[in-house]
Each structure stands twice: as C-alpha cells, then as structure tokens.
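Chain and residue survey
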There are 2 protein chains.
Amino acid sequence: MGRRILIVGGVAGGASVAARARRLDEFAEIIMFEKGPHVSFSNCCLPNHLSGMIENSEKLVLMNPTQFKKQYNIEARVNSEVIKIHREEKTIEVKDLKTGEKYKETYDVLVLSPGASPIVPPIEGVDLPHVFTIRNVVDIDRLNRYIQSGKVKDIAVIGGGFIGVEVAENLKLSDAGFNVTLVEALDQIMSPFDYDMAQILHKEMMDHGVDLILGDGVAKVKEDHIELVSGKKVQAQAVVMAIGVRPETKLAEESGLAIGETGGILVDHNYQTSDRNIYAVGDAIEVYHKLTHSKTRLALAGPAQRQARAAADHMYRIPHRNTGVIGSSCVKIFDINAASTGLNEKTAKKAGIQYDFIYIIPGDKVGLMPGNSPLHLKLLFEVPTGKIIGAQAIGKGDAVKRIDVIATMIMMDGTLEDLKELELCYAPAFSTAKDPVNHAALVALNILNGVYKQVPVSKVRELVEKNAFIVDVRERAEYEAGHLRNAINIPLSELRERVDEIPKDIPVYLHCRSSQRSYNALMALQHMGFENIYNISGSYLGICCYEYFNDQVTDREKIVTEYNFN
Amino acid sequence: MGRRILIVGGVAGGASVAARARRLDEFAEIIMFEKGPHVSFSNCCLPNHLSGMIENSEKLVLMNPTQFKKQYNIEARVNSEVIKIHREEKTIEVKDLKTGEKYKETYDVLVLSPGASPIVPPIEGVDLPHVFTIRNVVDIDRLNRYIQSGKVKDIAVIGGGFIGVEVAENLKLSDAGFNVTLVEALDQIMSPFDYDMAQILHKEMMDHGVDLILGDGVAKVKEDHIELVSGKKVQAQAVVMAIGVRPETKLAEESGLAIGETGGILVDHNYQTSDRNIYAVGDAIEVYHKLTHSKTRLALAGPAQRQARAAADHMYRIPHRNTGVIGSSCVKIFDINAASTGLNEKTAKKAGIQYDFIYIIPGDKVGLMPGNSPLHLKLLFEVPTGKIIGAQAIGKGDAVKRIDVIATMIMMDGTLEDLKELELCYAPAFSTAKDPVNHAALVALNILNGVYKQVPVSKVRELVEKNAFIVDVRERAEYEAGHLRNAINIPLSELRERVDEIPKDIPVYLHCRSSQRSYNALMALQHMGFENIYNISGSYLGICCYEYFNDQVTDREKIVTEYNFN
C-alpha cells in the first residue's frame, strides 16, 4: 500500500497538491476533503457569472469527483468538513455534512489548504437574507438568483478590493440595469494601486455608472437600504459584503500548529507547518516577501499554485527554490486594464524602504495605429541603488504586459539600467520602438542621476492655488482646448524666442500633454542657466486624471478649464 | 559657437541622435542630411497604408523640417545627399538633389545613420515600371497609387520576411480585392521562427487567401506575370520586391572606414567607427549578439533607438552599458500575433550552442473566458545549463507579452528555474494561474532533468508511416472527432483499467489535445514500469498545425482524419 496523503480543501491549492502528488507517485492514496459541494472550481471567475459573461454557473466547476477519480485516481469527498486533527496518532476527524456522521482517517502526510473566508463586520442587519458574501459557486448562484428575481433594483457592494470591484463591474454589465453603489472605507479602491493611480480607476467606475462612495463605511443594513457611518443612506435591496478575507486557521490553531505574526499559518521554506507531517498552502498561510523581507499574506492564485507544487515535490524529496513573493496582480475594470507588481508607495514606506518614483503616460502603441491609447505607468525604485521595487500600469492597452516585464525584472533583481537596455518586441500594433518600460527607466534614471527635478501630479493643485509660475509648453490650440487655470502658454516651438518671459529667480514648473515636450523644454532652459525648474510628472493628462473624480464628487473649484484624457 | 554635429540620415536613428544631442547641449549646431524628401517618418507603419488602415500617407511623416527647427532647433535638410567625407579636414560634401548643387560642411562630430536599402536581384524585367521596392513614404505612395489605378488585379510579393509578409497582408486586407501571391525561396516565411512554428503562419496566410509559394524563387518579371525558377508562372500586374535589405555602407567604405565581417559598418562599444570623430548607428552597422557572442546585423527599430541615444550620450561623456542584442521581434498577421526572441533552432545550431526545446499549447487565458484561444509557445534552453536562449509564441492571444517576459529573462541571464518561479499578473481575462511561460519552464525542466522523454511534432509523420504504437489519451468523443490515422484511443479516464493493452517491449508514444493529459498518463505508466515511453510534444493541436499547410499544397496522404485547431 502506498503513502496516504490527505488534503483539507479541494479548490486551487488542494487540487494542485493532489494532482502533482499523483504524478510523482502512482501508488499513493490521495483523498481531498472539501466542506463545500464542489472541488476545483474557478474562484477567480465567480464574479463573471453576475454579468452573464459566464452564463451557466455549472461551468465554473472545472472537475467533479468522478473525473478526479477516473483521470487521476484521486478521491474527492465533498460536503466533508475536517473538524479535528489528532497529530500524535496522525488521524483526522471528518464530518459528513449531509448525514452528520463523523469518522476518522489516518494519514502519512496531511496538507492544509483551507483558504480564507469573507470577513463580515459585526453590524446591525448583517444577517438579513439580502446580505451576501462570495466565496464559492453556491454563493454566487444564490446571489445571482436573488438579484434576478425581479425584486432588486439597487445593489450595494461593500469593499473596493478585487472582489468588490469585480462584483460591482459585473453587476453593472448585467442586462438587468441595476443601480450599483460601491462603498469603500478608505479614500481609494484597489489597494495595490497608489492614490494617484487609483483616481484613474475611480474615473472608470464613475464613467460606467457605478456610484462610488469613498471614505465611508457601512454602519447598518436595513431591509431596503444601508446606513453609512456618515449617516448617509443608500438604497439597496441586496448587499454584497466584500471588505476582505480572513485566513481559515481554526483547524490549524486547534491542532496546536504555529500561527505566524500576520495571522496566517506558519510554514517554512518547504511549506511544512510546525508539524513536519503537515503541509499548508494557499490563502491560509503567511509567506515571505522578497522585497520587504518580512512576512505577509497574499490571496493570489499564482503563488498558491507554486506553493502546492513545492509542497508535493517536497514530500518526494524534490527540492525547490523559494523566491519569496512580490505580489503581482491585475484586473479588468470595464474598458481598462490595470496591473501592479512589487511595492507601491504605501508598502514601500511601511517597509522603511527609501524610494522615488516616476509617472509617465506614453502611448500603448504607435500613435498612428487604430486603438492607440495612453498608458499610465508608475515605476518605483530604491534610492540610491536604482533597484526596481514596484510598478503600476493602467490603460486601455496592454498594461499587463508592461507589469509582467517589470515583475520579471524585480524577480531577477533588475535595476533601472537593466530596464533601460531591455530589448523587447516591437511592431506598431503592439508597442513603440522605445517601449513604455524602457521609457520609464530613462525618466527614472534622469531623476536618480539628478539630471532634473520633478513634482508629482498630487502637488499641482497646491501650486495652482498658491499661484506658482507654471508654463504649459503645448502648442496654442492644445492650450486653448483646456489648460491649468493660471498656467502660461509658451509652446516649445516658441520657447527659444520667448525665454525672457520666464523668471530665473522663482521656481518654474513645466508641463505639456505627457511630459515629453516639457522635458525637452526643461533641458533647454537648464542649459540656458535656469536652475529652479521642475517638470510636472504626468503633465496635463496626469493632472486631469488625478483631479477628475474628486472634482465630480466635491464642490471644490476645478484647477483645469477642460479635461483632456487622450 | 557650439559643437557642430552633422548627421547623415534623418529617419529613426538619425533623428534620435539629433533629439538626444539637443537635450544634452542647447548650443550645439545640429544638422541632419536626408536623401529623401522626408525626415522622421514611420518606416514600420508603411505597409499599413496599403490596407487603408493608415489612409493618408502624409500621416506617416511624423515631423517636418519646420517642426524640427522650431521645437528642437535642429536643422533638417531633405533631398540632400552626403556624397563624400573628407575625414582629415572634417568636412562632408553634400549634393542638393533638387538643384544638383554641391557644397561642403565642416563637422566636429559626424554621425552615419544611412539605413539599409532593399535588395533587387539582377533578373530580367526587374526594372519594369510595375516592379516596386518599399523603403519610404514616396515608395509606398507610388505603389499604392499604381495598384489603385484600376489596372491591377494580381500582385506578387517576392520575399517572406517582415516587409513581404506585412505588405502581402495589407494588400489582402485592402478593399480592392487583390489576388496576392507571396513567393519565398526558402521552405518557410519569417525566418525568426523555426519551421515547425512557421507552419502556423503559413496556415494563417492561406486561410486569409494569400497564395503562398515556398521553396521557389523569381526568375523573370514580365509585363503581366512573373516566372519562377521552377518554371511556374504567376499572374501579376504589380510586383513588390522584398527579398531583404543591404546595409548602406558605400559612403563609409569610400571614406576608408572599417567595415565589419558581416558587411555592416564596424563600430565599437560606443558606436564610434574606426574614425573616432564619426559615429554610426542603425541598420547600416553590425552589432554584437549577446547569445552567440558574434557579430550580426539587425534591422530593428528598438536597438536603433538605443544605439542613437548611446552615441549622443558618448559625445557628452555619458557612459552606457552595451548589453549586446538578442533580436526580439513581433508581427501581426491577420488574426494572429507572433513574436520571437533570442535564438531559434537554426541560429542556435549555427552558433554551435547545445540546446533542447519544448513546444506547448496552453490557453492564452482561462478557458471559461470569452476569446480564450490556444497559444503556441516554443522555448529553447541551453543544455546542460538550463539557461534560456530563445522563444517563439504564436496565437490570437497575447503572444507578445509572453515573449517580452522571456526576452527580459534572457537579458537578465535567467534559467528555467527562474522562469518556473516567476510571479506574473493573473486574472482570468489575461492569463492562467500558471502562466504559459511558467508552464513552459516546468515542461522544459522535466526534459532537462530527464523526468521523461519527448518527440517533436516534426517526427510524427514518420511514426505514423512506420506504424509506431501511438496512444491517444483523449476522451472517446474527442478521438472520434479527429485523430491520428493509426493511433489507439485509451482515454486517460480508462488508462488504469486498460493498461494491459499497452506493450512494454516497444516504444510507446502518447498524446492528447495539448499534452497535459498525456503527461499525466505518461507519469502513471512510468511508475508502472513502462520505460520506453514518449510524450508527443505539442500533441494533437500541434500535429494538426504542423501538417495542415503541406497537406493543402501537396498531394501527400494526410496522417490525421480531421484537423483540430482549438
């Protein structure tokens, strides 16, 4: 008889451990125990059922127990909760949730892949029947049936992380014409992005009719509305709670397994827990962050896959390299693609890493090509080493490609010099001869090398309000079509003859559409002896994107005469 | 007075040197001399004028001399041919092609960026008025006017490289309904791809109505047809010669500058020629290949950009890193995207590098998502080091992203282990939890580590013809819908009960749809004691793609009962 491998949890991590173990050992006895009715479903596609993009929710289930048995000789027991681990005798206690019956199984190796569960805040009305969380196919089915019943017109989604945003988007894309409100307690959605980049996401949500409420939390859930902390009331006949997830550590804790500092199950290099006969993988564990050198939690499918494989490999003495995680993720929100990798400003600060960043908005492909659009790209690098530590990209074009390239750079300990020289594929339909990532490296090296100084878009409002000397170097027609309230227009093409209009004794701030021309103007002026001169990083496109959302939801005065987003 | 920088050639390389030099030095006198009527046009977009995608050919010109003067204070003299360099006195002789007048200009620094010119074979009829080459806006305009005049129905394009393929594609996409024949002397188009991958490109061309003639050259051009070496005649009222380009080295040679072993202008680390006051960049020079450690020529815009910047930087004592080139390129052909980087089998063999490769066909994104499609991915690695040396990807999905990631790996000297652990962005709309590049690394490591053996799709015909023992492990319905002529169907789900049907004493070859299930089957069988067992790399999808084109153009017997490409 072969080795007995029992696995708690039959979705991403668990199923991957099982499949890999089978390939390494035809004779092991492998049993997965899954609390829910399905193993191996596509978590990440769950929200797409709400829009009808994936019409039949059964399609979300990728493999059933019969298929596991036939194809891989793996036993998958659904509706089976593992309620206790007897580590000394190497047995688990399982409860059949259909019959209530309890029984024991012995193991040689046990793998915990219980995942993480949605956090439900302890507020009034949270257990009303029209309040939903989303974790599996049953949940999404239940939510979808409820909202499609004809009783629901207004839906509130609480939480602006991946799940909340994807649920809100898919609800809005549904033919049912729901009014969708997304409520987020922080001042931005999608925490992998910094506040500046998040403004582009806010605009996209708003442009597609999602009512976005930031900086406010839910206080009470009522029959037909929710009440926010601010006192504001939001109509809602259905409420989706998506404020976050909590690692499922109960079984591990009760069994005396060590829990890490972040609240996830503690594992070593090989995903072994504090009991060497027990492995743990997936959303329930804590992992090592390659850049911060500290423990973190990460609910992402890619790392879970690798953990699962590494754990199975380790059972069979196949070593692996544990590179640590960097946190690469992406999301499609209506018409834009958004991706990020590594650290953002918040996480870099928190880790005490000295950094600087640049923000550029090059074209995604050659300007002449149909479908060309601006790509917003933010790159973070360590100071003074120039080591690349993070990036965020948003646009209608291939944001994910650029972030994947930078993620690769980060994994390979690349610097700005490496990124500058990177030889990537170019054809007009896909990129520009100087790819946006090369471009980003060049700008970042200019900053790192002190070639010139910059100010971020987040400082422009203050500059305008204190009436700083801002020069818009776009051509006249561009200026006329929309500009910063008190910027002076000296087109690059007139710069050399009108240079006397620019003072040398006070700070001067330059911008154009996307910082390309203002960079050229700035270099010329510096050569002419101007010393107190700054490029506005992101330029007019960046300023408009940064200002737009808050301009719409507050009654503050606009600093631009007309927006330009192209 | 500032430094005098003269530049021969005002397109990609030349214009980039000029713009960069201006940013580094406001007071330099910078003059570009361009033989043609335009500076700074988009070479790479020229073919798109033929389809009407870029309707107005004037849009191909990105900047005119007036703009260069006004915005950058750079003088651009068009219709100006530099005919001589007097190196001792540091002057050039310029011929004004409009007036015929000749004059001299002195330089402190001279930059050669003359590009490369289309090769025209010395055959009968090649100077007839309906024979065209394509190098600039004038050429493409002339061709387009000619074919749109109503006299042309059939067009022959000679040469299956980037330009030939893009011209053929755009001619076919034009509303005019041309019959387009593409003639290529080699047995495949698009030399960056290996013969196996090129079959997918051949299929795409054929599927879109391009008449593809391989392994045949043009012998004569006649008034209304061309005659091929084989004697075959092809109707053509217009002929486009795109068999390749030759670096423009005449001026350099006549000036006594050293020419390299590959026929390009010899340059050093800093793009200085054998005369230290003369730099050279772009398609006319020879460059160092990072992987083969030898000189090569590369007509690509990305490297030209970097060379231009490095040359200008060097004039101002800013050092740069010369990483060597790897040759990353991509192309859109009708509905598919194709990209390659580094070495392919041909170039690896030529360089004497010991290598192996894998060929996988994963989904571009999660199977449930609309628009999901197979991605053909070939990865080459050095043996025994596992260093990644090249890759090719083709599909309707994001082939370019995957090749850009692998190009980054190659630039960073990455190995299969690095690629395996790469943490990339994942969401169902963009990828799979195990990205195709991670997947490729896992398969390649299995081959490198001797976990199992594989045979390539190119060997399958031979296996079928000698009646080898081939097991198709797809499910019965899949087998019924199309299979290898003499393959036996033992579905993975029946494998363990029907294992006795598989002989242990002869080689056994396994395949499924994309090698995922056959890999699982193979591992199970190996554990059961089967030793002489092979996975067919690429499996049924790969076999169908490999066989399709030649099945159509020859009368050989098919080895598949029905093709499957999805």
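A quick note: this is a predicted structure, and the numbers were derived from the prediction, not measured.

Some points on the sheet that holds strand 5 (residues 91-96) of chain A
Residue and element names in this part refer to chain A. Taken together, the 3 strands give an open sheet; going across it, the order is 4-5-6, and neighbouring strands pair in antiparallel fashion. This sheet does not close on itself; its edge strands, each paired only once, are strand 4 (80-86) and strand 6 (102-106). Averaged over all pairs of adjacent strands, the angle between strand axes in this sheet comes to 30°, irrespective of strand direction.

Considerations on the packing of aromatic side chains
All names here are of chain B. Considering all chains together, one arrives at 16 aromatic pairs over all chains under this definition. With a centroid separation of 5.2 Å and 20° between ring planes, the pair formed by Tyr 509 and Tyr 534 is classed as stacked. Note that Tyr 509 is positioned in strand 29 (residues 508-511) and Tyr 534 in strand 30 (residues 533-536), a separation of 25 residues in sequence. For the pair Tyr 509 and Tyr 534, a shared accessibility class is recorded, and that class is buried. Its end group placed over the ring of Tyr 316, Arg 3 keeps NZ or CZ at 4.5 Å from the ring centre.

Focus on the UniProt feature "domain: Rhodanese" (unreviewed entry) in chain A
Under the present numbering, the feature "domain: Rhodanese" (unreviewed entry) in UniProt falls on residues 464-550 of chain A. Secondary structure content for residues 464-550 of chain A is 36% helix and 16% strand, while the C-alpha to C-alpha distance between its ends is 16 Å.

Quick look at the state of the cysteines
This model, assessed by the stated rule, comprises 0 disulfides over all chains. Left without a disulfide partner, Cys 330 of chain A is nearest to the cysteine sulfur of Cys 425 of chain B, which lies 4.8 Å away. Cys 44 of chain B takes part in no disulfide bond, and the closest cysteine sulfur, belonging to Cys 45 of chain B, lies 6.8 Å away.

Side note on the domain arrangement of chain A
Residues and elements named next belong to chain A. With domains assigned, chain A is organised as domain 1 (4-36 + 79-116 + 246-315), domain 2 (131-243), domain 3 (335-451) and domain 4 (455-553). For domain 2 and domain 3, the distance between their C-alpha centroids amounts to 31 Å. Every contact between the two is made by 11 residues of domain 2 and, on the other side, 17 residues of domain 3. Across the domain 2/domain 3 interface, buried area totals approximately 1,200 Å², and carbon plus sulfur atoms make up 57% of it. On the domain 2 side of the interface with domain 3, the three residues burying the most area are Phe 193, Asp 194 and Met 197, jointly 46% of the side's total. Asp 196 is paired through a salt bridge with Lys 378; the nearest N and O atoms lie 2.8 Å apart. Classifying every residue of the side of domain 2 that touches domain 3 gives 5 nonpolar, 3 polar and 3 charged.

Quick word on the pattern of salt bridges
Residue and element names in this part refer to chain A. Inspection of every chain in the model, using the stated rule, returns 68 salt bridges over all chains. In this structure, Arg 135 and Glu 248 form a salt bridge, with 2.4 Å as the shortest nitrogen-oxygen distance. Here the residue Arg 135 occupies a position in the loop between strand 9 (131-132) and helix 4 (137-147), and Glu 248 occupies one in the loop between strand 17 (245-247) and helix 7 (250-254), the gap between them amounting to 113 residues. We classify Glu 248 as partly exposed; its relative accessible area is 21%.

Thresholds applied
- Residues numbered from 1 in each chain as written.
- Chains lettered and ligands numbered in written order.
- Predicted model: local features only at pLDDT ≥ 70, side-chain atom pairs only at ≥ 80, totals over all residues.
- Heavy atoms only, no water.
- Pairing = 2+ DSSP bridges.
- Helix = DSSP H or I, 4+ residues; strand = E, 2+ residues; numbered from the N terminus.
- Axes fitted to C-alpha atoms, helices over the stretch in contact; angles between N-to-C directions.
- Phe/Tyr/Trp six-rings, centres within 6.5 Å; stacked < 30°, edge-to-face > 60°.
- Buried < 20%, exposed > 50% of the residue type's maximum accessible area, 1.4 Å probe, protein only.
- Lys NZ or Arg CZ within 6 Å of the ring centre and 35° of its normal.
- UniProt positions renumbered as here; feature names shortened; annotations may be inferred.
- Disulfide = S-S within 2.5 Å.
- Domains from an automatic or database assignment.
- Contact = heavy atoms within 4.5 Å.
- Buried area = accessible area lost by both parts, 1.4 Å probe.
- Salt bridge = Lys/Arg side-chain N within 4 Å of Asp/Glu carboxyl O.
- Nonpolar A, V, L, I, M, F, W, Y, C, P; charged D, E, K, R; others polar.

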